[in-house]
Amino acid sequence: MSANRRFRNVTRLGPVQVATSYDGRGREKHTAVCTAPRCGFSADYDSRAAAELAARTHRCPVR
């Protein structure tokens, strides 16, 4: 995966950031990433609603 992705429409829901970008094939993808230390949660989704739902329901295992 390229580290030079261009994210747009970045929002923050608690410790999770949701952003929109294009993958290598030009398709729009939505990413949810937890910014808490040592959490490691990140996932790509096809719809913005799915990414925001994952962000709202995410619980960090690290406390």
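All values derive from a computational prediction rather than experimental measurement.

Caption draft 1: Looking closely at the pattern of salt bridges. Applying the stated criterion across every chain, the model contains five salt bridges. Its salt-bridge partner being Lys 29, residue Asp 46 comes within 2.6 Å of it at the nearest N-O pair. Remark: Lys 29 occurs in strand E3 (residues 28-34) and Asp 46 occurs in the loop between strand E4 (42-45) and helix H1 (48-57); sequence separation between them is 17 residues. For Lys 29, a relative accessible area of 18% puts it in the buried group. Here Glu 52 ties to Arg 56 by a salt bridge, and the two come within 3.4 Å at their closest N and O atoms. In this pair, Glu 52 and Arg 56 both sit in helix H1, four residues apart, roughly one turn of the helix. The exposure class of Glu 52 is partly exposed, given its relative accessible area of 21%.

Caption draft 2: Examining the nonpolar core more closely. In this structure, Val 16, Val 18, Ala 32, Cys 34, Cys 39, Ala 51, Ala 55 and Cys 60 together form the largest nonpolar core, which totals eight residues. Among the elements of the structure, strand E2 (16-22), E3 and H1 are those that each provide at least two residues to this core.

Definitions and cut-offs
Residues numbered from 1 in each chain as written. Predicted model: local features only at pLDDT ≥ 70, side-chain atom pairs only at ≥ 80, totals over all residues. Heavy atoms only, no water. Salt bridge = Lys/Arg side-chain N within 4 Å of Asp/Glu carboxyl O. Helix = DSSP H or I, 4+ residues; strand = E, 2+ residues; numbered from the N terminus. Buried < 20%, exposed > 50% of the residue type's maximum accessible area, 1.4 Å probe, protein only. Core = buried A, V, L, I, M, F, W, Y, C linked by side-chain atoms within 4.5 Å.

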